[in-house]
Amino acid sequence: MTSPVPPPVSQETFRALLRSQKVWDTELPAFDPAQAPAAPLPLFHAWFADAVAAGQPEPHTMQLATVAEDGGPDVRTVMLHDADEHGWHFATHASSTKGRQLAARPEAALHFYWAAQGRQIRVRGRVTTAPHAESLADLHARSTGALAAALVGRQSEVLPSYGELERSSTAAWERARAEPDADAPTWTLYVLDPVEAEFFQGDAHRRHLRLRYRKAADSAWARDLLWP
């Protein structure tokens, strides 16, 4: 049974709803940039742990911005797989739209927004691909559903009908359960090596704190405060 089509919303109703929304209707944490670590990774780890403790839904999701084939921007939400001394890790099919974009121009930006604490993190840098064995190991460490989705493949291709997706997905789930070490040839783990990272702490009086890290030629990190 199909879901009913939602009734249309007038422009006036939309604007009224939009303007009635509250921002950070909670007590926000303090942040002293002078006490921040010398590099962005430890601060990211600490803020991520804070977001989890604060009950932020899906703090491991992030926006991934790439450069499209026509030179314009493109963005979507993906899942963070790791953040370590090598960089921020995420995965997708190399044959997908974002995979092709990264192959043509291996640069990207990431954005995290954790409303529960009024925090944002932006990370920008060059992207490299992990070896296929490492990509598979990362995939196999995740859920059966993640493997099934990877086995379906054909990401970003035109879908003739939803029924075809249902059939492909059912077959992929059966294979994922029967072969938990199955190969997904185009599944690729990507690593963004940051050259810049910004940490934004919201403030109820709009005196937002923005701490920017920038990597110098000697790989040391320079820190600056930015006007909000």
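Residues numbered from 1 in each chain as written. Predicted model: local features only at pLDDT ≥ 70, side-chain atom pairs only at ≥ 80, totals over all residues. Heavy atoms only, no water.

S.K.: Go over the environment of Pro-194 with me, naming the residues and quoting the values.
M.R.: Topologically, Pro-194 is positioned in strand β7 (residues 187–201). When its relative accessible area of 7% is taken as the criterion, Pro-194 is described as buried. Distance from Pro-194 to Ala-109, taken between C-alpha atoms, is 8.9 Å for residues 85 residues apart in sequence. When residues no more than four places from it in sequence are discounted, the contact partners of Pro-194 are Gly-87, Trp-88, Val-123, Arg-124, Gly-125, Lys-215 and Trp-221. (Helix = DSSP H or I, 4+ residues; strand = E, 2+ residues; numbered from the N terminus. Buried < 20%, exposed > 50% of the residue type's maximum accessible area, 1.4 Å probe, protein only. Contact = heavy atoms within 4.5 Å.)

S.K.: Residue-level account of the pattern of salt bridges, with values.
M.R.: Under the definition given, this model contains 12 salt bridges. When the shortest N-O distance is used, the salt bridge between Arg-76 and Asp-74 registers 3.4 Å. Judged by relative accessible area, which is 18%, Arg-76 ranks as buried. Of the charged contacts in the structure, one is a salt bridge between Asp-224 and Arg-214, with a shortest N-O distance of 3.3 Å. Highlighted residues: Asp-224 in strand β9 (residues 221–226) and Arg-214 in strand β8 (residues 209–215), separated in sequence by 10 residues. Relative accessible area serves as the criterion here: at 37%, Arg-214 is assigned to the partly exposed category. Beyond isolated ion pairs, a larger network of salt bridges with shared partners links Arg-122, Glu-198 and Arg-210. (Salt bridge = Lys/Arg side-chain N within 4 Å of Asp/Glu carboxyl O.)

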